[in-house]
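# Summary of the model geometry
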Amino acid sequence: MKIGILISGRGSNMVAIVDAVNSGEIPDSDVAVVISDKPNAAGLAKARERGVESVVIERKGRTREAHDAEIIAELQKRGVELVCLAGYMRLLSKDFIHAFENRIVNIHPSLLPAFPGLDAQKQAIEHGVKLSGCTVHFVDEKLDAGPIILQKAVEVRDDDTTETLSARVLEQEHAAYVEAVKILAEGPACTLPPVVFCL
Ligand code: GRF
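Since the model is a prediction, treat every value here as computed from it, not as a measurement. Per chain, residues are indexed from 1 in the order of the written sequence. With the structure being a predicted model, the display of local features is reserved for residues of pLDDT at least 70 and the display and counting of side-chain atom pairs for 80 or more, all residues being used for whole-chain, interface and lining totals. The side-chain numbers reported here are obtained from all heavy atoms of the structure, hydrogens and water having been left aside.

## Remarks on the overall build of the protein
- Secondary structure elements follow DSSP: runs of H or I no shorter than four residues count as helices, runs of E no shorter than two count as strands, and numbering proceeds from the N terminus. Looking only at helices and strands, the protein features six helices and seven strands.
- When its helices and strands are written in sequence order, the protein yields β-α-β-α-β-α-β-α-β-α-β-β-α.
- For a compact globule the rule gives 2.2 Å times the number of residues to the power 0.38, and the radius of gyration it is set against comes from C-alpha atoms. Taking 16 Å as the expected radius of gyration for a compact globule of 199 residues, we find that the protein reaches 16 Å, a close match to that expectation.
- For the protein, the spread of C-alpha atoms along the principal axes amounts to about 50 × 40 × 35 Å.
- Think of it in three bands: with a 1.4 Å probe and only protein chains considered, a residue is buried below 20% of the maximum accessible area for its type, exposed above 50%, and partly exposed in between. Here the protein holds 199 residues, and 48% of them are scored as buried.
- Contact criterion: two residues are considered in contact whenever any of their non-hydrogen atoms come within 4.5 Å of each other. Considering only contacts within the protein whose residues lie at least 6 apart along the sequence, 63% involve residues at least 24 apart.

## Some points on the site of the ligand
- One heavy atom within 4 Å of a molecule or strand is enough for the residue carrying it to be called near that molecule or strand. Around the ligand sit Arg10, Gly11, Ser12, Asn13, Gly87, Ile107, His108, Pro109 and Glu173, and those are all the residues in its vicinity.
- Identification of polar contacts relies on pairs of N or O atoms within 3.5 Å, with a donor-acceptor requirement for protein atoms, meaning one able to donate a hydrogen and the other able to accept it, and with residues adjacent in sequence counted only if both atoms are side-chain atoms. Between the ligand and glycine 11, the relevant distance is 2.8 Å, taken from an oxygen atom to a main-chain nitrogen or oxygen of the residue.
- Exposure was quantified through the Shrake-Rupley algorithm and a 1.4 Å probe, taking into account, for residues, occlusion by the shown protein chains and nothing else. About the coverage of the ligand: the protein hides 86% of its 370 Å² of free accessible area.
- Elements supplying a minimum of two residues to the shell around the ligand: helix H1 (12–23) and strand E5 (104–108).
- Each residue is assigned to one class: nonpolar for Ala, Val, Leu, Ile, Met, Phe, Trp, Tyr, Cys and Pro, charged for Asp, Glu, Lys and Arg, and polar for all the others, Gly among them. Among the residues making up the shell around the ligand, the classes are represented as two nonpolar, five polar and two charged.

## Overview of the pattern of salt bridges
- Every case where a carboxyl oxygen of Asp or Glu lies within 4 Å of a side-chain nitrogen of Lys or Arg is listed as a salt bridge. One pass over the structure, following the stated rule, counts 14 salt bridges.
- Among the ionic pairs, glutamate 74 bridges to lysine 77, the shortest N-O distance being 3.1 Å. You can see glutamate 74 and its partner lysine 77 sitting in helix H3 (residues 64–77), three residues apart, about one turn around the helix.
- Residue classification places lysine 77 among the exposed positions, given a relative accessible area of 60%.
- Glutamate 141 serves as the salt-bridge partner of lysine 94, at 4.0 Å between the closest nitrogen and oxygen. Of this pair, lysine 94 sits in helix H4 (residues 94–99) while glutamate 141 sits in the loop between strand E6 (131–138) and strand E7 (148–155), and the two are 47 residues apart along the sequence.
- We classify glutamate 141 as partly exposed; its relative accessible area is 46%.

Written out as structure tokens, the structure reads:
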């Protein structure tokens, strides 16, 4: 399975996927490209260190559709079959979703459908939930709302701050993202929606 990963920043989830592909934990796969919309994303150097091609595609005042068209072209020309959003801080256009229908996955640092959008861990602390976690899901046209592939729960402690909770959730994110991509790489095509609901 050829994988393309989109990032905007630190890239720790991208690193978890690349390392799992390189170790064979995610079988029969190859990370064909890492694309960042930010030239200063720390993840770019981490991709390069691991021998993965990295490309910067900035929005530069273009429409979302024009920006996405360039990203879609870069992914398609490398034969990418699965797009992993890993801290990619932009909404995708409809064109993007349709170009890779049921082939885009995202990781979100809460137990969706609770706390979609930005600052999910802060939202969890402020709401006083006792259990949070992370979710890997397919991407559709709504924000953080597509079919869920898997979740991992993390206890919220009384003395947690956004930082301490985020750190524990992040550890689970790395495990969850690797596990989800492994399911997609190993499974027959029927692990993709709509059949995912039958699993
Ligand atoms: C993660 O918490 C992810 O769930 C969210 O953005 C953060 C990205 O972290 N979407 P990293 O760039 O993978 O380290």
